[in-house]
Amino acid sequence: MPQYPPPLSGIKVLEFAGLAPGPFAGMLLADFGATVLRIDRVVARQPQSGPPSSSASSSSSASSSRDPTPTSQSTESKTNSNSNSNSSGTSDLLTRRKKSIIVDLKSPAGLSLIKSLVPNVDIVIDPFRPGVLEKIGLSPSKVLQRLNPRLIVGRMTGFRRDGKYADMAGHDINYLAVSGLLDMLGRSGDGPHAPANILGDFAGGGLVCVLGIVLALLHRESTGMGQVVEANMVDGAAYLGSFMRLLQSTPKWDRPRGENLLDGGCPYYDTYETRDGRYVAVGALEPQFFAALLKGLDIKSSALGGARDDRETWPLMRDVFRTAFLSKDRAEWEAIFDGTDACVTPVLTHRELADAKYDQRPIVTLRDSPSRAISDPDKDERPAAEGQGLGVEGEGWASDGLQPGDGGEQLLAQWMGWSRGRNYEVVDGGLAKSERKAKL
């Protein structure tokens, strides 16, 4: 079968700089062929009383509910293509294959430059809280889409754009809280527990927004018209929890938090520590898998105190399993369970995966139009199952980030045929549309 370019090849994206979900959406589009240009804000450089620090702001999520000024690091700006820049470095690490320009969005000439780009792009990613683009004069419906009726604007907020939380700041944990999902997560006897910022920021936010953008691209194919895509992390996370909500009307999830089949309440769907302080995951839900688990542990069913579906036996069963797993190192359990249907696997750490050179692959495999490669750029051939193209430098597990201004002017030359001094200038650290008429 012939191999075609990634499916989003030729698609041009403007991504307003933000944190977590917006950059994630842009990176996902870039992995599948889109060309992404990040727009960084000019930030006044603050005087420092001590040595530069390399630590980023503690705000790590939910940029969709914040002011458009990006979270900045306290280090001074590195040299980039926007000379004399007043922009500080970004804490964003989700920058694979992106380029950047610095633009003062409070400057009429800066806004003019953005407006000049809009007729030539396909997608704009808006990571700001409601009303920010409208306030600075870039309303998606009244300005951007009038400049380009085919434009798709992917807007991402934390809370819904209507209702009592619409104007409030928040983070992933807040969005999960009002979605009804957070209340369902956690151990028995403990309060609700948020699983980092995966469900809200990245799944319910960035990934859902990309789904909306792809659906809008399909719509554009048949109508020729773009549209505004509005994603919010409350509805995104709530939808991801559809199965959990439906299960609450069944015996599988009709108990309090942490006492159900899939939330840590069930002893044969849980994690256990091994003798060397590592962990294994057990998911032996079906009877035949449970039998394989007991065989590997060398445990007789009579030692469990009753039927496995009887919740009254679960405390004793958990103790029996805990004692058994503590009797061997994790590697020993791997040797016993690998290749079986007991549903027992090691809980691998990020460091273990990195040390083992475990390759990161695209989020989905397209056999005939694969993603750009994420790792192993030196391979001449890849199995089709890896679903990625060839010869792209970079390693998926690591990122140095993207300094504001890096590579952006070269991309403007490719997209628009622009050059500095002819089509735009650098004014106070940001690119600004040149008032001089370009010579033909």
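Note: the structure precedes this text.
Note that the coordinates shown come from a computational prediction; the quantities given were computed from them, not determined experimentally. (Residues numbered from 1 in each chain as written. Predicted model: local features only at pLDDT ≥ 70, side-chain atom pairs only at ≥ 80, totals over all residues. Heavy atoms only, no water.)

Caption draft 1: Layout of the overall build of the protein. Within the protein one finds 13 helices and eleven strands. Per-residue burial over the protein gives 45% buried out of 440 residues. Across the protein, the fraction of contacts at a sequence separation of at least 24, relative to all contacts at a separation of at least 6, is 68%. (Helix = DSSP H or I, 4+ residues; strand = E, 2+ residues; numbered from the N terminus. Buried < 20%, exposed > 50% of the residue type's maximum accessible area, 1.4 Å probe, protein only. Contact = heavy atoms within 4.5 Å.)

Caption draft 2: Highlighting the pairing of strand E4 (residues 123-126). Residues Ile123 and Ile125 line one face of E4 and the alternating positions Val124 and Asp126 line the opposite face, and both faces are buried. Sheet topology places strand E1 (residues 12-16) next to E4; three bridges connect them, and they run parallel. By the bridge assignment, Glu15 is partnered in E4 with Ile125. Pairing of E4 with strand E5 (residues 152-157), which is carried by four bridges, proceeds in the parallel orientation. Its bridge partner lying in E5, Ile125 is registered against Gly154. (Pairing = 2+ DSSP bridges.)

Caption draft 3: Highlighting unusual backbone geometry. The residue Arg97 is not glycine, and still its phi comes out positive at about 70°. Assignment of secondary structure puts Arg97 in the loop between strand E2 (35-41) and strand E3 (99-103). A relative accessible area of 21% means that Arg97 is categorised as partly exposed. Phi angles above zero are rare outside glycine, and Asp298 is one such case at about 60°. Tracing the sequence through the fold places Asp298 in the loop between helix H9 (287-297) and helix H10 (314-325). Exposure remark for Asp298: the relative accessible area of 67% places this residue in the exposed category.

Caption draft 4: Summary view of the nonpolar core. Phe16, Leu113 and Ile114 are the most contacted members of the largest nonpolar core, which totals 28 residues. Counting only elements with at least two residues in this core, the list comes to E1, E2, E3, helix H2 (108-117), helix H3 (132-135) and helix H13 (408-416). Here this core takes four residues from H2, the largest share from any one element. Discounting residues that sit within four places of it in the chain, Ile114 has contacts with Phe16, Ile39, Val103, Leu105 and Leu138. If you look at the next biggest cluster of nonpolar residues, it comprises 25 residues, including Ile152, Phe159, Ile213 and Ala216. (Core = buried A, V, L, I, M, F, W, Y, C linked by side-chain atoms within 4.5 Å.)

Caption draft 5: Structural view of the packing of aromatic side chains. With the rule as written, the count across this model stands at 13 aromatic pairs. Ring centres of Tyr272 and Phe321 lie 6.2 Å apart, and the angle between their planes is 85°; on these two criteria the pair is classed as edge-to-face. A residue pair is termed long-range when its members are at least 10 positions apart, and Tyr272 in strand E7 (residues 269-273) and Phe321 in helix H10 qualify at 49 residues. Through a chain of ring-to-ring contacts, the aromatic side chains of Tyr268, Tyr272, Phe290, Trp314, Phe321, Phe325, Trp333 and Phe337 assemble into a single cluster. Over the ring of Phe290 we find Arg308; its NZ or CZ atom is 5.2 Å from the centre of that ring. (Phe/Tyr/Trp six-rings, centres within 6.5 Å; stacked < 30°, edge-to-face > 60°. Lys NZ or Arg CZ within 6 Å of the ring centre and 35° of its normal.)

Caption draft 6: Summary view of H10. Taking 1.5 Å of rise per residue, the twelve residues of H10 would be expected to cover 16 Å, and the 16 Å separating its terminal C-alpha atoms lies within 8% of that figure. Every buried residue of H10 is listed here: Trp314, Met317, Arg318, Phe321, Ala324 and Phe325. Burial along H10 is one-sided: seen end-on, the buried residues are contained in an arc of 130°. Within H10, the exposed residues directed more than 90 degrees away from the buried face are Pro315 and Thr323. On its buried side, H10 packs onto E7, strand E8 (279-283), H9, helix H11 (330-337) and strand E9 (344-346). (Expected span 1.5 Å × (residues − 1). Arc of directions from axis to C-beta.)

Caption draft 7: How the structure looks around the environment of Arg278. Structurally, the position occupied by Arg278 is in the loop between E7 and E8. The class of Arg278 is partly exposed, set by a relative accessible area of 41%. In this structure, the C-alpha to C-alpha distance between Arg278 and Arg330, residues 52 residues apart in sequence, is 6.3 Å. Aside from chain neighbours lying at most four places away, what touches Arg278 is Tyr272, Glu273, Arg330 and Glu352. There is a polar contact of 3.4 Å between the side chain of Arg278 and the side chain of Glu352. (Polar contact = N/O pair within 3.5 Å; in protein donor to acceptor, adjacent residues only side chain to side chain.)

Remember that the coordinates give geometry; whether it matters functionally is a separate question.
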